[in-house]
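Observations on the model geometry
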Amino acid sequence: EDEFVFDFVYVENTFDDIYERSLAPLIHRDEYGAPGFMDGVNCATISFGNSTSGKTYTTEGSGPSAKDGIIPCVINGVFEAIQEKVSDAAGNKRRNMKWRHKLSVQYVEVVDEKINDLLNPKKIELDVDEQGIEHGLGVRDLTRKWVDTMDELYHHFRVGQSSRTAFRTEFGLQSERAASIFSLELHQVSTQLPPG
């Protein structure tokens with residue numbers, strides 16, 4: 001008999017509660033010192049459940065301009081962490097440290113085993129490129145957008161949301177039998193400048 005163990009079940013919690021307990025430790029070092037996304041660790045959150053159980057709401061939030069949902073919370077958290085690193089690097093001028101970063105986003109949808117590029121809806125039925133995994137999600141010709149600001153990242157997220165495939169079901173119009181992957185990739189370099 002299989003046994004499943006849960007660390008925690010969210011019943012009546014806010015997105016702030018979910019962020020603090022489950023997402024912030026993926027972005028920053030956790031309370032035990034384990035590294036997170038800002039330290040170069042690959043991180044993922046997965047939302048699964050029955051049809052109409054609230055996966056899209058939990059993941060994407062309550063509407064097109066909403067700042068709730070797992071993805072908007074992660075966007076906020078990543079940019080807070082970037083600002084913190086920029087401030088820390090600026091405070092280390094005495095030690096001649098410089099921190100630079102580049103952040104990119106890719107957003108795909110898998111529908112009936114077909115991969116669609118949500119950041120460029122003209123790119124549909126893309127192929128998996130197992131050799132090209134160093135280019136992000138390992139999908140040939142997938143769009144990658146480089147972002148400098150939180151607003152730019154939110155813009156690409158909203159563009160992707162509006163490109164999702166919708167199906168008519170007995171419960172109404174919704175994304176059904178479709179999975180999406182919202183991927184952030186952070187490139188960062190810390191350099192020691194010569195004294196002087």
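Everything here concerns the structure above.
To start, this report covers the structure provided alongside it. (Residues numbered from 1 in each chain as written. Predicted model: local features only at pLDDT ≥ 70, side-chain atom pairs only at ≥ 80, totals over all residues. Heavy atoms only, no water.)

Here helix H4 (residues 150-162) is 13 residues long and its end C-alpha atoms lie 18 Å apart, about the 18 Å a rise of 1.5 Å per residue gives. Taken together, the buried positions of H4 are occupied by Leu153, Tyr154, His156, Phe157, Arg158, Gly160 and Gln161. Each element contacted by the buried residues of H4 is listed here: helix H2 (55-60), helix H3 (70-91), strand S1 (97-111), strand S3 (145-147) and strand S6 (178-192). (Helix = DSSP H or I, 4+ residues; strand = E, 2+ residues; numbered from the N terminus. Expected span 1.5 Å × (residues − 1). Buried < 20%, exposed > 50% of the residue type's maximum accessible area, 1.4 Å probe, protein only. Contact = heavy atoms within 4.5 Å.)

Below, the discussion takes up the packing of helix H1 (residues 15-27) against H3. Across the interface, H1 lies against H3 with an axial gap of 10 Å and an inter-helix angle of 50 degrees. With respect to each other, H1 and H3 are oriented oblique. Viewed along their axes, H1 and H3 form a crossing whose handedness is right-handed. Contact residues: H1 offers Phe15, Tyr19, Leu23 and Ile27, while H3 offers Ile70, Cys73, Val74, Gly77, Val78 and Ala81. Residue composition of the contact of H1 with H3, by class: nine nonpolar, one polar and no charged. (Axes fitted to C-alpha atoms, helices over the stretch in contact; angles between N-to-C directions. Parallel < 35°, antiparallel > 145°, perpendicular 65-115°, else oblique. Left-handed = near helix turned anticlockwise from the far one by under 90°. Nonpolar A, V, L, I, M, F, W, Y, C, P; charged D, E, K, R; others polar.)

Another point: the environment of Asp112. On the secondary structure map, Asp112 appears in the loop between S1 and strand S2 (114-117). Asp112 sits in the partly exposed class, given a relative accessible area of 47%. Sequence-wise, Asp112 and Ala178 are 66 residues apart; in three dimensions their C-alpha atoms are separated by 7.2 Å.

When its volume is computed, the second largest pocket comes out at roughly 970 Å³. Lining the second largest pocket we find 24 residues, and of these Phe8, Val9, Tyr10, Ser22 and Ile46 sit closest to its centre. Looking at the lining of the second largest pocket element by element, the count peaks at five residues for H1. Residue composition of the lining of the second largest pocket, by class: 13 nonpolar, eight polar and three charged. (1 Å grid on protein atoms, 1.4 Å probe; cavity = no way out; pocket = protein on both sides within 12 Å on 5 of 7 lines; lining within 4 Å. Points joined across faces, edges and corners; volume = space filled by probe spheres on them.)

What follows concerns a negative patch on the surface. A surface patch of like charges, here negative, comprises Asp16, Asp17, Glu20, Glu80, Glu84 and Asp88. Residue placement: Asp17 occurs in helix H1. Using a relative accessible area of 36% as the deciding quantity, one classes Asp17 as partly exposed. (Patch = residues over 30% accessible without salt bridge, like charges linked within 9 Å, V, L, I, M, F, W, Y side chains within 5 Å. Areas by Shrake-Rupley, 256 points an atom, 1.4 Å probe, with all protein chains shown as cover. Salt bridge = Lys/Arg side-chain N within 4 Å of Asp/Glu carboxyl O. Lys, Arg positive; Asp, Glu negative; His and termini not counted. Charge placed at Lys NZ, Arg CZ, Asp CG, Glu CD.)

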